[in-house]
Amino acid sequence: MDIDLGDGKSFEMFQEVEILTPIIFITAYDEHAMKVFNYFTIDYILKPFEVSRGIEELHVALQKFKTIRTSFVILPTLQSIAVLENSPSDIMYRFLVTNGNKLRSVEEHEIDYFFASGKHLFIKTKDELTCIYDDTIKDIINKLDETIFFKINRKFIVHIDAITEIIKHSSQKIEIHL
């Protein structure tokens, strides 16, 4: 497509009609080079040009289009987007904790439970390490994978694998051993 058409500029047409087809512009107007990429533009070829150079530039532009078309397979792309939309992006799998004056990275599978004490949140790991974690019990529960962590009361969030025994004392009271 050219920029300057016999009955106006091609940009005027884009105001009226949404163009969903890839476009290769071949034009003498270099001042529109940036503006054309607001549309579905594959390339921008300036004229005048020698026939052989023009044919080569057009060939490169068409190859670019073919590459884009063959490498952009819609079904896998849509499936990837669906996975991203369906998986919570805020879930945390690794936690930077304070242990004395040292920092340590703890992965979710290493954690037995979180517990709140005073104004602090702690992480208890499987290897019996207790570390301060800079968050609140109220906020951390929304960042954890709900299939493996659950809040047992207002002070504890437990990893399901940390539970060794559950004893039922009454219809409203249970005892959980970790």
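As a reminder, the structure under discussion sits directly above these lines.
Cut-offs used in this document
- Residues numbered from 1 in each chain as written.
- Predicted model: local features only at pLDDT ≥ 70, side-chain atom pairs only at ≥ 80, totals over all residues.
- Heavy atoms only, no water.
- Buried < 20%, exposed > 50% of the residue type's maximum accessible area, 1.4 Å probe, protein only.
- Helix = DSSP H or I, 4+ residues; strand = E, 2+ residues; numbered from the N terminus.
- Pairing = 2+ DSSP bridges.
- Core = buried A, V, L, I, M, F, W, Y, C linked by side-chain atoms within 4.5 Å.
- Contact = heavy atoms within 4.5 Å.
- Phe/Tyr/Trp six-rings, centres within 6.5 Å; stacked < 30°, edge-to-face > 60°.
- Polar contact = N/O pair within 3.5 Å; in protein donor to acceptor, adjacent residues only side chain to side chain.

## Focus on the pairing of strand β4 (residues 41-46)
Among the 6 residues of β4, 5 are classified as buried, and the element is accordingly described as predominantly covered. The pairing of strand β3 (residues 23-27) with β4 spans 5 bridges and is parallel. Bridge pairing in β4 places T27 opposite L46.

## Concerning the pairing of strand β12 (residues 165-168)
Pairing of β12 with strand β13 (residues 174-177) involves 4 bridges; the strand directions are antiparallel. Counterpart to I167 in the pairing with β13 is E175.

## With respect to the nonpolar core
Counting residues in hydrophobic clusters, the biggest one holds 17 residues, and the most contacted among them are F95, F114 and I140. Of all the elements in the fold, those that place two or more residues in this core are β5 (94-99), β7 (111-117), β8 (120-125), β9 (130-133) and α4 (137-140). A per-element tally of this core places β7 first, with 3 residues. Setting aside anything within four residues of it in sequence, one finds I140 in contact with F95, F114, L121, Y133, D135 and I157.

## Quick notes on the packing of aromatic side chains
Summed over all chains, the structure comprises 7 aromatic pairs. Taken together, a centroid distance of 5.7 Å and an interplanar angle of 50° make the contact between Y113 and F156 tilted. Of the two residues, Y113 is situated in strand β7 and F156 in strand β11 (residues 156-159); the sequence distance between them amounts to 43 residues. You can call Y113 buried: its relative accessible area is 15%. According to the relative accessible area criterion, F156 is partly exposed, its value standing at 27%. Taking the centre distance of 5.1 Å and the plane angle of 15° together, the rings of F115 and F122 count as stacked. Relative accessible area serves as the criterion here: at 18%, F115 is assigned to the buried category. Relative accessible area serves as the criterion here: at 17%, F122 is assigned to the buried category. Through a chain of ring-to-ring contacts, the aromatic side chains of F95, F114, Y133 and F149 assemble into a single cluster.

## Details of the side chain of D112
By secondary structure assignment, the location of D112 is in strand β7. A relative accessible area of 14% places D112 in the buried class. Within the local environment of D112, its side chain forms a polar contact with the side chain of K126, the two groups lying 3.2 Å apart. The contacts of D112, once residues within four sequence positions are left out, are K124, T125, K126, V158, H159 and A162.

So far we have only geometry, and geometry alone does not tell us how the molecule works.
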